[in-house]
Amino acid sequence: MTNLRIGVMYDRAWSPEGLPAFAREVEALGADDLWVVEDLGWGGGISAAALALAATSRLRVGLGIAPAPLRNPALLAMETAFLARVHPGRFVAGLGHGVTEWMASVGAAPGSALALLGESTEALRALLRGERVQTQGREVRIDDLRLVHPPEVVPPVVLGVVRPRSLELAGRLADGTVIAEGHGPTDLEAALALIRKGGAAPDHELIVFAYAAVADDVRQAAEALRDKVEDQAGWLGCDPSEVFTVSGTPADAVARIAELEAAGATSVVLRFSGDEPVRQLGAVLAARRS
């Protein structure tokens, strides 16, 4: 076995009331991480993370990804610190630009998305370290704030970003970077080069989200992913055949995970499609152990 962490995403389309049981089941299977989603209109990431943490005792829970324009860093620090104190060492705070169109639709479009993300990250991390923050930045303004209950174990702050300047920013300011679904080994190597250019520490995490479906019949697995792959290809601007997935038989899935690890991934988070995602995860974990 390697040090690679295997995680699973609680898909935004799944009902909120199913999250606690799902979290308990995937923890029992031996998954390392569970990631919850914060996309406009679906569900709140902090409340989802709180539910998952409360339902489990070992699982690390990641917030993927809070949009900086909607999450004032002072409030996000308060929420993050609360969870991190109650569940030390088990929460990861993810932050990103947010979808431009979604942010504009609720009046939250920043003047400079890059400045907002950078200033938010710096303020968030300083507050979580228990520091007193006084900043008058281009996008973030905090007047003499210090958390009353900073976390004893400071949680990692990771950035979910795609573009070159944002990847460099992640390397410079964050504890890790989250790579969106569909990116394969070549993309990871290019992203890592930019993250390292930004000055990433040796322990900088590279967390890779991946669409996943496993079945004994590889055609069944491919069909389960077809719609998501086509949608992601449109977002990535590529042919659907170029969208990287963790799919096929359980052995195929393990091989695809190994490709991501070889390219630098420290954690692979599976976003399952098709029936019985918990069973699918169990099949992948069993195949990795065999």
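Details of the structure are given in the entry above.
Residues numbered from 1 in each chain as written. Predicted model: local features only at pLDDT ≥ 70, side-chain atom pairs only at ≥ 80, totals over all residues. Heavy atoms only, no water.

Asker: Sorry if this is basic, but what is going on with the overall build of the chain here?
Answerer: Broken down by element type, the chain carries 10 helices and 11 strands. Rg of the C-alpha trace for the chain: 18 Å, near the compact-globule value of 19 Å for 290 residues, within the 12% margin. Based on the C-alpha atoms only, the size of the chain along its principal axes is roughly 60 × 40 × 40 Å. Counted over contacts in the chain with a minimum sequence separation of 6, partners at least 24 positions apart contribute 72%. Summing over all exposed atoms, the chain offers an accessible surface of approximately 13200 Å²; the carbon and sulfur share of this is 51%. Put simply, the chain has 27 plus and 37 minus side-chain charges, and the middle of one group is 5 Å from the middle of the other. (Helix = DSSP H or I, 4+ residues; strand = E, 2+ residues; numbered from the N terminus. Rg over C-alpha atoms; globule rule 2.2 N^0.38 Å. Contact = heavy atoms within 4.5 Å. Areas by Shrake-Rupley, 256 points an atom, 1.4 Å probe, with all protein chains shown as cover. Lys, Arg positive; Asp, Glu negative; His and termini not counted. Charge placed at Lys NZ, Arg CZ, Asp CG, Glu CD.)

Asker: It is not clear to me how the environment of valine 214 should be interpreted in this structure. Could you clarify?
Answerer: Mapped onto the fold, valine 214 is located in strand β9 (residues 205–214). In the structure, valine 214 is positioned 171 residues away from glycine 43 in sequence and 27 Å away in space, judged by C-alpha atoms. With residues near it in sequence (within four places) discarded, valine 214 still touches Ala221, Gly248, Thr249, Pro250, Ala253, Gln280 and Val284.

Asker: Would you explain the packing of helix α3 (residues 73–86) against helix α5 (residues 113–128) in this entry?
Answerer: Between two packed helices, the angle of one axis relative to the other and the distance separating the axes together describe the packing. Two elements in contact, α3 and α5, have axes separated by 9 Å at closest approach and are oriented at 40°. For the element pair α3 / α5, the angle class is oblique. The chirality of how α3 crosses α5 is right-handed. Contacts between α3 and α5 pair Pro73, Ala74, Leu76, Ala77, Thr80 and Ala81 from the former with Ser120, Ala123, Leu124, Leu127 and Leu128 from the latter. Broken down by class, the residue content of the contact of α3 with α5 amounts to 9 nonpolar, 2 polar and no charged. (Axes fitted to C-alpha atoms, helices over the stretch in contact; angles between N-to-C directions. Parallel < 35°, antiparallel > 145°, perpendicular 65-115°, else oblique. Left-handed = near helix turned anticlockwise from the far one by under 90°. Nonpolar A, V, L, I, M, F, W, Y, C, P; charged D, E, K, R; others polar.)

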